[in-house]
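A structural walkthrough
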Amino acid sequence: MPRAVRPPDPVGPGGHIRVVSPGAPTLAHLPERGERAEAALRHLGYRVSFSKHAFGMADDGLTSGSPEERAGDLRDAFADPGVDALLISDSGIGSQELLPLLDSEVPTAVRKPLIGFCDTLYLHHYLALVHGVGSYYGSSLIVHLGDVPGPFPETAGYLRRALAAEGPLECRPVGRRARPLATWHDPAIEAAPRDRDYPGGWTWVREGSAEGPFYGGEIRSLPSVVDEFGLDYDGAVLFWDLDWDTGGDPPIGDMLTRLHSVTDLNRLAGMVVAANPYMDPEDWADLVGTVLARVLPGASYPVLVNADLSHAAPSWTVPFGEQVTLDPAAGLVFPRSGVR
């Protein structure tokens, strides 16, 4: 069963956020989008700086630098007493290869939050399982904060409320959603506002209440995470989402079967599934329910589908590894006990 984590220290207005690039070199390709996101963070009251290799690019063009360079930026940000939080610029690939280079006691000592999504699930699990330190899943500089003319208000609001840690964090549907951009590398598309033309709201495939630590991430990578850490998700409220950039109807039955083959999904406390911007919400919920009935016919825990998680827009920012209550009336509630 995943260990309980200590919530990160609160970060309010005036806090210093260091932007790091543990994965894709998107900031190097789209500095204008990074500038909009930086302006949005400053508008929220934060101070912002960038790590040494935040705008870098490795020789193969896939990441922002060598594993040593990217891991060094993370270690420096955790160790710098003037930095209050770390925010990834983008994800993509590359976080897993940083794990052997991060064996340090610094995260344990400082309890400053890392904020990221998608491939950085390796770093979220590392902080929670190795150091017992919480983090935040759901936001990035480029994807979530760099929209035109600025981030969706709900995205900014959930980020601010999560970091401030002023009391319980309640997550409810944010309303209508926007679909992913067709491409960021066409200036005419990237510089246009996204329309919120996709229905919002969530669907309970199985109603009920559940409590447990909140773990999960991009479902294609979760089996690798389980292998990396020798992990099971017994007693956890497991969330999962997908990188929807490719569109289409994903083979989620194959993905859930693979995950179930490495960790028994019958022993979860509950499940939360992100929205699919390429399917009608009710059709997506029906598909998830059908697949769960086939892959996990004996499971009876509550399942919530069409959550505003990660690749969704707008998106929640949620505590990773902290205790969550899942309830049809209250939604997702993080008590935030232990935040000082």
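Above: the structure in question.
Below: a short report on this structure. In this text the structure is predicted, and so the values were computed from the model without any measurement.

Looking at the overall build of the chain
Broken down by element type, the chain carries 11 helices and 14 strands. The buried share of the chain, reckoned over its 340 residues, is 61%. Of the accessible surface of the chain, which amounts to about 12500 Å², a share of 52% is contributed by carbon and sulfur atoms. Here the chain contributes 27 positive and 45 negative side-chain charges, whose respective centroids are spaced 5 Å apart.

Re the environment of F117
With respect to the helices, strands and loops of the structure, F117 is situated in the loop between strand 4 (114-116) and helix 5 (121-130). Of the residues examined, F117 reaches a relative accessible area of 3% and is grouped as buried. On a C-alpha basis, the gap between F117 and S221 in space is 12 Å, while along the polypeptide they are 104 residues apart. Setting aside residues no more than four positions away along its own chain, F117 makes contact with I88, D90, S91, H124, Y137, G138, S139, S140, V143, H144, S310 and H311.

Section: the sheet that holds strand 1 (residues 16-20)
Here 6 strands make up an open sheet; going across it, the order is 2-1-3-4-5-12 and the pairing mixed. What marks the edges here is a single partner per strand, and that holds for strand 2 (47-50) and strand 12 (318-320). This sheet shows a mean twist of 30 degrees between the axes of neighbouring strands, independent of strand direction. As paired strands, strand 1 and strand 2 are joined by 4 bridges and run parallel to one another. The partner of H16 across the bridge, within strand 2, is R47. Taken strand by strand, helix 5 contacts strand 4, strand 5 (135-137) and strand 12, and its axis lies near 150 degrees from that of strand 5.

Some remarks on the sheet that holds strand 11 (residues 303-307)
Overall, mixed pairing links the 8 strands, which are arranged 6-14-13-8-9-10-11-7 in an open sheet. With one partner strand each, in any of the chains shown, strand 6 (169-171) and strand 7 (203-206) form the two edges of the open sheet. Averaged over all pairs of adjacent strands, the angle between their axes in this sheet comes to 30 degrees, without regard to strand direction. In the packing of helix 11 (residues 281-295) onto the sheet, contacts are made with strand 7, strand 9 (237-241), strand 10 (270-274) and strand 11, and the angle to strand 11 comes to roughly 145 degrees.

What about a negative patch on the surface?
On the surface, a cluster of negative charge is made up of D59, D60, E68 and E69. Positionally, D60 belongs in the loop between strand 2 and helix 3 (67-79). Judged by its relative accessible area of 53%, D60 falls in the exposed class.

So, the pairing of strand 14 (residues 331-334)
In terms of strand pairing, strand 6 meets strand 14 through 3 bridges, oriented antiparallel. The partner of L169 across the bridge, within strand 14, is F334. Of the strand pairs in this sheet, strand 13 (residues 323-327) and strand 14 are connected by 3 bridges, and their pairing is antiparallel. Opposite L326, over in strand 14, you have L332 as the bridge partner. Counting the residues between successive antiparallel strands, the hairpin from strand 13 to strand 14 contains 3 residues.

Thoughts on unusual backbone geometry
Between V148 and P149 the backbone carries a cis peptide bond, its omega angle lying at -5 degrees. Secondary-structure assignment places P149 in the loop between helix 6 (141-145) and helix 7 (153-164). Cis peptide bonds are those with omega within 30 degrees of zero, and the linkage from A313 to P314 qualifies with 0 degrees. When you line up the elements, P314 lands in the loop between strand 11 and strand 12. Its identity as a non-glycine residue notwithstanding, A165 has a phi of 50 degrees, on the positive side. For A165, the position within the fold is in the loop between helix 7 and strand 6. A relative accessible area of 11% means that A165 is categorised as buried. With phi around 60 degrees, S310 is a residue other than glycine that occupies positive phi space. When its relative accessible area of 0% is taken as the criterion, S310 is described as buried.

Some words on helix 10 (residues 252-262)
Those residues of helix 10 lying buried are I252, G253, M255, L256 and L259. Here the buried residues of helix 10 occupy an arc of 160 degrees about the axis, which is enough to place them on one side. Those residues of helix 10 that are exposed and angled more than 90 degrees off the buried face are D254 and S261.

Rules used throughout
Residues numbered from 1 in each chain as written. Predicted model: local features only at pLDDT ≥ 70, side-chain atom pairs only at ≥ 80, totals over all residues. Heavy atoms only, no water. Helix = DSSP H or I, 4+ residues; strand = E, 2+ residues; numbered from the N terminus. Buried < 20%, exposed > 50% of the residue type's maximum accessible area, 1.4 Å probe, protein only. Areas by Shrake-Rupley, 256 points an atom, 1.4 Å probe, with all protein chains shown as cover. Lys, Arg positive; Asp, Glu negative; His and termini not counted. Charge placed at Lys NZ, Arg CZ, Asp CG, Glu CD. Contact = heavy atoms within 4.5 Å. Pairing = 2+ DSSP bridges. Axes fitted to C-alpha atoms, helices over the stretch in contact; angles between N-to-C directions. Patch = residues over 30% accessible without salt bridge, like charges linked within 9 Å, V, L, I, M, F, W, Y side chains within 5 Å. Salt bridge = Lys/Arg side-chain N within 4 Å of Asp/Glu carboxyl O. Arc of directions from axis to C-beta.

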